[in-house]
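These are the residues of each chain, in order.
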Amino acid sequence: MTKSETTGHGGTGHDYDVVISGSGLAGSAAAILLARRGVRVALLERRSDPEAYKVLCTHSITANAHPVLDELGLVPDLEKAGAVRNDARWYTRWGWIEPNAAHPGPELPHGYNVRRSTLDPLIRARAAETPGVELLTGHRVTGLVREAGRTVGVRAATPQGEREIRARLVIGADGKDSAVAKFAGMPAEQYENARFGYLAHFRGLPLHGGIGQTWFLEPDMAYAFPNDDGVTVLAVLPDKKRLPAFRADPEGSFLDFVRALPEAPPVDSAERITKFIGTVDYPLHSRRPTAPGIALIGDAALTGDPLWGVGCGWALQSAKWLAKAVAPAAAGRGGDLDRSLAAYARTHRRRLSGHQRLAVDYARSRPFNPMERLMFSAAARDVSMARHMYLFAARLVGPLRFLSPSAVVRALIINARHR
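In this convention, every chain numbers its residues from 1, walking through the sequence in written order. pLDDT decides what is reported in this predicted model: residues at 70 or higher carry local features, side-chain atom pairs at 80 or more are listed and counted, and totals for whole chains, interfaces and linings draw on all residues regardless. In computing side-chain values, all of the structure's heavy atoms are included and hydrogens and water are not.

For cavity detection a 1 Å grid was placed over the protein atoms alone, and a set of points counts as a cavity when a 1.4 Å probe fits there but cannot get out; an open set counts as a pocket when protein lies on both sides within 12 Å along at least five of seven lines, with lining residues being those that have an atom within 4 Å of a point. Grid points are joined across faces, edges and corners, and a volume is the space filled by probe spheres set on the points. For the second largest pocket, the calculated volume is near 680 Å³. For the second largest pocket, the lining is made up of 39 residues, of which Phe216, Trp308, Phe392, Ala393 and Arg395 are closest to its centre. Contributions of two or more residues to the lining of the second largest pocket are made by strand E15 (213-216), strand E16 (221-226), helix H9 (337-362), helix H10 (370-381) and helix H11 (383-393). Helix numbering and strand numbering both begin at the N terminus, where a helix is a DSSP run of H or I of at least 4 residues and a strand a DSSP run of E of at least 2. At five residues, the largest contribution of residues to the lining of the second largest pocket is made by H9. Classification convention: Asp, Glu, Lys, Arg as charged; Ala, Val, Leu, Ile, Met, Phe, Trp, Tyr, Cys, Pro as nonpolar; all other residues, Gly among them, as polar. Here the residues of the lining of the second largest pocket sort into 22 nonpolar, eleven polar and six charged.

What follows is the structure in structure tokens.
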């Protein structure tokens, strides 16, 4: 149940064990997972509407997050809501990469495509009904409470005025422009993204095979993802050299771009049901995810390039990594909180930093480099290599495994045979 005032917990020196700023995907997942481990959680949402959702998003949950969705108990609810299992089909200059083509191997793991207008209220409601979680809407963090060099709570503006909420741990799940990180003085390393993006939602837009499509046009990009309720999210991510034309005529430039795609979806016969939503400057951010009494998850810790569609998956994963690492210490049941935060930071760095380095490099908006040409061309020519690429794109394997010596040798053999 949504509440606007805390009941307090006398005798502990804290109103809660944990206070989370942001009740989106990362924040709500962390609240659920922590509360199930016996942690008392205040989940703060700056907006008053419990149905609020993130508008600018790829709406893709990659397969790496499926175990988290399963642990949260959300898989049946997502499928009931019409979420679409996200198969993949990628265009390259060598042809289409189709990981789900006929193959004798096991079925590939999958995630979901689902609109954030469906997903965000669903997971927020699940968090609000979880014992140990108190959802506080209309609470905007305006500062941090600090004692002896560490953070011990937040100050928040509410409809009733400013209030102070104390906790052993403050979690920033408040996006790439995180207020928690700003007030804590946790700077972000920022990397230029030389592409910009526009997207819109369409109804009645058939896609080849009924599955998601991505176009690697070197350097421009585009994708089309089918979602719940028969709605397809169509996005273009061109090099910034095209930006003047898009600024002059967003709709005309968007539609011309889509019409020119190989096997272009029939956008002119579809019904556009939203306005065009765009961002002309979306840099990549990386922050150290912890400080004394603070942890960052989701985009607050690491903001990737939206063209890869991995932000939702990483939000869910980072919430799980944090809950697993800090729950006993955060609940006051033993263990050192700073050691637990350090363990979370190591996991976060080990699992995501390699992916982010590659994303930063590709965000320069360039053609494929020699290694990318090798792997993409082999994947277009061989279904086993296509499946290998899918595991990497779904963030089920890391860069070292994707570019392992055996994988590179196999790609060389496939391409040599093709020639």
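Anyway, onward from the coordinates.
Quick look at the sheet that holds strand E20 (residues 284-286) now. Pairing between strands is defined by DSSP: at least two bridges between them are needed. Taken together, the three strands give an open sheet; going across it, the order is E13-E20-E23, and neighbouring strands pair in antiparallel fashion. Edge positions in the sheet fall to strand E13 (189-191) and strand E23 (302-303), since each has one partner strand and no second. Pairing of E20 with E23, which is carried by two bridges, proceeds in the antiparallel orientation. Bridging across to E23, His285 finds its partner in Thr303. The contact criterion used is simple: two residues touch if any of their non-hydrogen atoms lie within 4.5 Å. Angles here are taken between N-to-C directions and fall from 0 to 180 degrees, while the axes themselves are lines fitted to C-alpha atoms, restricted in helices to the stretch in contact. Contacting E13, E20 and E23, H9 crosses the sheet at an angle of about 150 degrees to E20.

This paragraph deals with the pattern of salt bridges. Salt bridges, as used here, are contacts in which a Lys or Arg side-chain nitrogen is within 4 Å of a carboxyl oxygen on Asp or Glu. In the structure shown here, the tally under the stated rule is 29 salt bridges. Two residues, Asp17 and Arg168, come together in a salt bridge whose shortest N-O distance is 2.6 Å. Note that Asp17 is positioned in strand E2 (residues 16-21) and Arg168 in strand E12 (residues 161-172), a separation of 151 residues in sequence. Close ionic contact of Asp338 with Arg150 constitutes a salt bridge, the shortest N to O distance being 3.1 Å. With Asp338 in helix H9 and Arg150 in strand E11 (residues 150-158), the pair connects residues that are 188 residues apart, well separated along the chain. Taken together, the salt bridges that share partners define one network made up of Arg115, Arg203, Asp228 and Asp229.

This part covers helix H8 (residues 311-330). To obtain the bend at a residue, axes are fitted to the seven residues ending there and to the seven starting there, and the angle between these axes is taken. Along H8, the sharpest change in direction is near 40 degrees and occurs at Lys324; proline Pro328 comes one to four residues later. For H8, the tally of buried residues reaches 15 of 20 residues, placing the bulk of the element in the interior. Trailing H8 by a residue or two, Gly332 shows a phi angle of about 75 degrees, which is positive. Relative accessibility thresholds used throughout: buried, under 20% of the residue-type maximum; exposed, over 50%; partly exposed, between the two (1.4 Å probe, protein chains only).

Before going further, it helps to examine the packing of H10 against H11. Their axes nearest at 6 Å, the elements H10 and H11 cross at an angle of 125 degrees. The orientation of H10 with respect to H11, classified from their angle, is oblique. Handedness of the crossing formed by H10 with H11: left-handed. Of H11, the residues touching H10 (which contributes Met375, Phe376, Ala378, Ala379 and Arg381) are Val383, Met385, Ala386, His388 and Met389. When its residues are assigned to classes, the contact of H10 with H11 shows eight nonpolar, one polar and one charged. Throughout, the term roughly parallel applies to angles under 35 degrees, roughly antiparallel to angles over 145, roughly perpendicular to angles from 65 to 115, and oblique to all others. By definition, any crossing whose near helix is turned counterclockwise from its far helix by less than a right angle is left-handed, and any crossing with a clockwise turn is right-handed.

Looking now at unusual backbone geometry. Backbone torsion omega between Glu218 and Pro219 reads 15 degrees, so that peptide bond is classified as cis. For Pro219, the location among the structural elements is in the loop between E15 and E16. The buried category is assigned to Glu218, whose relative accessible area is 15%.

Looking now at H10. Multiply 1.5 Å by the residue count of a helix minus one, and that product is the helix's expected span. Over its twelve residues, H10 runs 17 Å from end to end, which matches the ideal 16 Å to within 8%, given 1.5 Å per residue. Among the residues making up H10, those that are buried are Glu372, Leu374, Met375, Phe376, Ser377, Ala378 and Ala379.

Moving on to the nonpolar core. In plain words, nonpolar cores are sets of buried Ala, Val, Leu, Ile, Met, Phe, Trp, Tyr and Cys residues tied together by side-chain atoms within 4.5 Å. If you look at the biggest cluster of nonpolar residues, it comprises 56 residues, and the most contacted ones within it are Ile20, Leu34, Leu72, Ile297 and Leu316. With twelve residues, H8 is the single largest residue contributor to this core. Beyond its immediate sequence surroundings of up to four residues, Ile297 is in contact with Ala26, Gly27, Ala30, Ile171, Gly172, Ala173, Ser318, Ala319, Leu322 and Tyr344. By size, the runner-up hydrophobic cluster in this structure holds 34 residues, among which are Leu307, Met375, Phe402 and Ala411.

Let us now look at the sheet that holds strand E5 (residues 84-85). Taken in spatial order, the three strands of this open sheet run E4-E8-E5, and their pairing is antiparallel. The two strands at the open ends of the sheet, each matched to only one other strand, are strand E4 (60-61) and E5. Bridge count between E4 and strand E8 (residues 112-113): two bridges; the pairing is antiparallel. When the sheet's bridge partners are listed, Ile61 is paired in E8 with Tyr112.

Checked against the element boundaries, Ala315 lands in helix H8. Sequence separation between Ala315 and Asp299 is 16 residues; the distance between their C-alpha atoms is 6.9 Å. Residues contacting Ala315, with those up to four places away along its chain left out, are Ala26 and Gly298.

Here we come to the pairing of strand E17 (residues 231-237). Among the seven residues of E17, seven are classified as buried, and the element is accordingly described as predominantly covered. Here E17 shows no split at all, with Val231, Val233, Ala235 and Leu237 on one side and Thr232, Leu234 and Val236 on the other all buried. Here E16 runs beside E17; their pairing, made up of six bridges, is antiparallel. Its bridge partner lying in E17, Phe225 is registered against Val233.

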